[in-house]
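An overview of the molecular structure
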Amino acid sequence: MQKYSAFSLLRNALSGHRDWQPAWRKPDPKPAYDAIIVGGGGHGLSTAYYLAKEHGLTNIAVLEKGWLGSGNIGRNTTIVRSNYMLPGNNRFYEWSMKLWEGLSLDLNYNVMFSQRGILNLAHTPSQLDDYARRGNSMRLEGIDAELLGREEVARRVPGLDMSPDARFPVLGGLLQPRAGTARHDAVAWGYARAADARGVDIIENCEVTGFLREGGRIVGVETTRGEIRAPKVGVAVAGSTSQVLRLAGIERLPIESHVLQAFVSEPVKPILDCVVTFGAGHLYISQSDKGGLVFGGDIDKYNSYAQRGNLPVVEHVMSEVSVMLPFVSRLRLLRNWGGIMDMSMDGSPIIATGPLPGLYLNAGWCYGGFKATPASGWCFAWTMAKDEPHPLNAPFTLDRFQRGYVLDERGAGPYPKMH
Amino acid sequence: MRIHCPCCGPRGVAEFSYGGDGTVRRPDLSVTDTDAHVAYVFERENPRGRHVELWHHIGGCRHWLLVTRDTLTHEITRVEMAGRFAGEAARMPGAGA
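Residues numbered from 1 in each chain as written. Chains lettered and ligands numbered in written order. Predicted model: local features only at pLDDT ≥ 70, side-chain atom pairs only at ≥ 80, totals over all residues.

1. Quick notes on the overall build of chain A
- Within chain A one finds 11 helices and 19 strands.
- Relative to a compact globule of 419 residues, whose C-alpha radius of gyration would be 22 Å, chain A shows 22 Å and is just as compact.
- Taken along the three principal axes of its C-alpha coordinates, chain A extends 65 × 65 × 40 Å.
- Buried residues in chain A amount to 53% of all 419 residues.
- By sequence separation, contacts in chain A at least 24 residues apart represent 75% of the contacts at least 6 residues apart. (Helix = DSSP H or I, 4+ residues; strand = E, 2+ residues; numbered from the N terminus. Rg over C-alpha atoms; globule rule 2.2 N^0.38 Å. Buried ≥ 20, exposed ≤ 12 C-beta atoms within 10 Å, placed from the backbone. Contact = placed C-beta atoms within 7 Å.)

2. Things to note about the interface of chain B and chain A
- Taken together, the contact pairs 18 residues of chain B with 22 residues of chain A.
- Secondary-structure elements contributing two or more residues to the side of chain B that touches chain A are α1 (34-42) and β4 (50-56) of chain B.
- Its residues assigned to classes, the side of chain B that touches chain A comprises 9 nonpolar, 4 polar and 5 charged. (Nonpolar A, V, L, I, M, F, W, Y, C, P; charged D, E, K, R; others polar.)

3. As for the confidence of the model for chain B
- Overall, the predicted model of chain B reaches an average pLDDT of 92, with 96% of residues at or above 70.
- Listed scores for the predicted complex are pTM 0.95 and ipTM 0.93. (pLDDT = per-residue confidence, 0-100.)

4. So, the sheet that holds strand β10 (residues 217-223) of chain A
All names here are of chain A.
- Taken in spatial order, the 3 strands line up as β9-β10-β11 in an open sheet, and their pairing is antiparallel. A single partner strand is all that each edge strand has here, and the edge strands are β9 (208-214) and β11 (226-229). Between one strand axis and the next, the sheet turns by 30 degrees as a mean value, whatever way the strands run.
- Note that β9 and β10 share 6 bridges and pair antiparallel. Directly across from L212, in β10, lies its bridge partner G220. (Pairing = 2+ DSSP bridges. Axes fitted to C-alpha atoms, helices over the stretch in contact; angles between N-to-C directions.)

5. Observations concerning the pairing of strand β6 (residues 76-81) of chain B
- In terms of strand pairing, strand β5 (residues 64-70) of chain B meets β6 of chain B through 5 bridges, oriented antiparallel. Its bridge partner being in β6 of chain B, L65 of chain B is matched across the sheet by M81 of chain B.

6. Description of the environment of V79 of chain B
All names here are of chain B.
- For V79, the location among the structural elements is in strand β6.
- The class for V79 is buried, based on 21 C-beta atoms found within 10 Å.
- The residues touching V79, leaving out its near neighbours within four places in the chain, are I3, H4, C5, P6, L65, V67, A89 and A90.

Structure below.
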């Protein structure tokens, strides 16, 4: 791998930028590997990287139906945080945060991780009480959390409607200073390049069309580029989880696929230097380095495999953002898009062995997959290498619904549209 | 997206609330096999394509509807009443007299 540094930048500038190597190879699939990961998004690529780095498994392939990072890794609103309340969740996401903090150095690739903080606004006294409880739960796990009053919120975010007659007056907020944003495409490219450098084959335009079985065991996959055999097959395909596992004969899962829309405004001068979430509805917004306001709200709330959304949600999100930050109503929208979320029945993910011997499952990320990318890959790699979960992902089993150990952060019940 | 309510006619999707997969059936409470109850509460086929689902016309007649919709194209091919009015279907555009 060509190492990136200030020196390499200077040297390549002097030679007219003609000597840069491709960031990863484009190999043809081999007939067999030690492990296969289905899905070349953030979670699949980070799994491959940590399998190679932490477990010495380098004879592995990542199979991607389209082009690398064409799914949700390039469709999210780039937010990274670990402000969860339940210990099963916040330990995992805090490990992800720690991996994020060293990620650019680890990958030798600038993922533009910016710890600008995330501020959850509170609009009622009971919501502030709830934030205090969540903040305390975080601090018990060693995660940073600060409860802010109204004046401090107004000082930090000048664009907010803090008028006394606001439709939803702001009373305060919960701040996680170490949260922030990262450049999402760079995360996919950085993991791909670092995995490739350790010998991982990343195979694009290779759709899995079936699974190979011997006895009751999965021993490989059929693809549009031929059969590929491996004793371990990991599936990390987000919204397509039900579709892919149906090929293995798994007809029903605790997952529904829903479309989530995201939006970016025209670029403007710096106005918002942290991530802010609206507390009286569901809205999260930040400003990219290019100046665009990046924001999103609810899913469309019905099963969908279409990577585009409907207009009522667009209208809903726009009304929320213009109530919270009135200046946004005068900006033009640059573009919006949709991605397919694997909404689980309790709002928490699945990183587990099974559901068949030789098969491993990474799914159920709901809206929250991007921030989890490093820890998801790290834990999934552990699970695939050792055939048992790491303590960090031990709660994320597939059979927790059967056993009554659901991890329902929002307390919304078995309704995927509510998580 | 527009849903042809058998009672109210074609209405915008914002008038409706989604009720999820309309094919799951709650097992009788005398069934002691937990797998049947787990399947009802938690497990879904989640197809890409034809999906029979429940919608509640909350901003209209408040009837529950069984809607057959394609989850990839959003094309709706059948809408009928659920519950005690079951069987009464909307006349869909292009379906003839």
